Amino acid sequence: MKGLADGVTTDLAILRHLYDEAQQMPSSQAIELLWQGLELVEGPPFDADGYDWAHHGTQDVAEASSLIERSAAQLVELALNVDDVERARGAITQGLRGLPGDEVLYRLRMRVEHHAGNLAGVRTAYDELVRYLADLDAEPSSPTVDLWRSLLRPVQA
């Protein structure tokens, strides 16, 4: 079976290390480590010529996808805790580079826009997801639709 030789350091290994380190750090340092990891994301995991082996018989694609999603989610949470909307948006943008159409990331994007008071941004994020999924003959999941509705619901006084 094809794979990487022992001793080869991959972006996946670096992302994993940065994510693990971020779990032990104060928020400000964790934000920087998670951002460094997400900056490695240039597209879907192992989506280039010669990486067919990563899709068969290994968990590399699944692990990379999970790490991208978890890193972005944690970075969004930490950034919003310090009201850094731009960093939160950047985390989502990087995550979507690797995981286009990922509903978890689109739900995060809607939450970020809602946090920023940008209801048009909430609608835009949802509409983009709907178009992406329509190309796959799919629809947003119930949790996504429910979140979208709750974020656009008028506040009761």
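Residues numbered from 1 in each chain as written. Predicted model: local features only at pLDDT ≥ 70, side-chain atom pairs only at ≥ 80, totals over all residues. Heavy atoms only, no water.

A. Highlighting the pattern of salt bridges. In this structure the tally under the stated criterion is 6 salt bridges. Of the charged contacts, one joins Glu86 and Arg89 as a salt bridge, the two residues approaching to 2.6 Å between their closest N and O atoms. Residue Glu86 and its partner Arg89 are both found in helix α4 (residues 85–98); the two are separated by 3 residues, about one turn of the helix. Residue Glu86 is classed as exposed on the basis of its relative accessible area, which comes to 54%. On the basis of relative accessible area, Arg89 is assigned to the partly exposed category, the value being 25%. For Glu128, the salt bridge is made with Arg109, and the minimal N-O distance between the two is 2.5 Å. Pair noted here: Glu128 is in helix α6 (residues 119–134) and Arg109 is in helix α5 (residues 103–115), with a separation of 19 residues, a long-range link. Counted as one network, the salt bridges with shared partners bring together Glu86, Arg89 and Glu113. (Salt bridge = Lys/Arg side-chain N within 4 Å of Asp/Glu carboxyl O. Helix = DSSP H or I, 4+ residues; strand = E, 2+ residues; numbered from the N terminus. Buried < 20%, exposed > 50% of the residue type's maximum accessible area, 1.4 Å probe, protein only.)

B. A look at the nonpolar core. Counting 40 residues, the largest nonpolar core has Leu38, Leu75, Val76, Met110 and Val112 as the members making the most contacts within it. Every element with two or more residues in this core is listed here: α1 (11–22), α2 (27–38), α3 (60–81), α4, α5, α6 and α7 (142–152). Tallying contributions element by element places α3 first for this core, with 9 residues. Look past the residues within four positions of Leu75 in its chain and what remains in contact with it is Ile31, Leu34, Trp35, Leu38, Arg87 and Ala91. (Core = buried A, V, L, I, M, F, W, Y, C linked by side-chain atoms within 4.5 Å. Contact = heavy atoms within 4.5 Å.)

C. Representation of the confidence of the model for the chain within the structure. In this model, the chain carries a mean pLDDT of 88, and residues with pLDDT of at least 70 account for 83%. Looking over the chain, one finds the lowest element-wise mean pLDDT in α1, namely 92, and the highest in α5, namely 98. Within the model, pLDDT remains below 50 along residues 1–5, and this stretch shows 7 contacts once partners closer than five positions in the same chain are excluded. (pLDDT = per-residue confidence, 0-100.)

D. Looking closely at the packing of aromatic side chains. Counted according to the given criterion, the structure contains 1 aromatic pair. The ring of Tyr19 has Arg70 lying over it, and the distance from NZ or CZ to the ring centre is 4.9 Å. (Phe/Tyr/Trp six-rings, centres within 6.5 Å; stacked < 30°, edge-to-face > 60°. Lys NZ or Arg CZ within 6 Å of the ring centre and 35° of its normal.)

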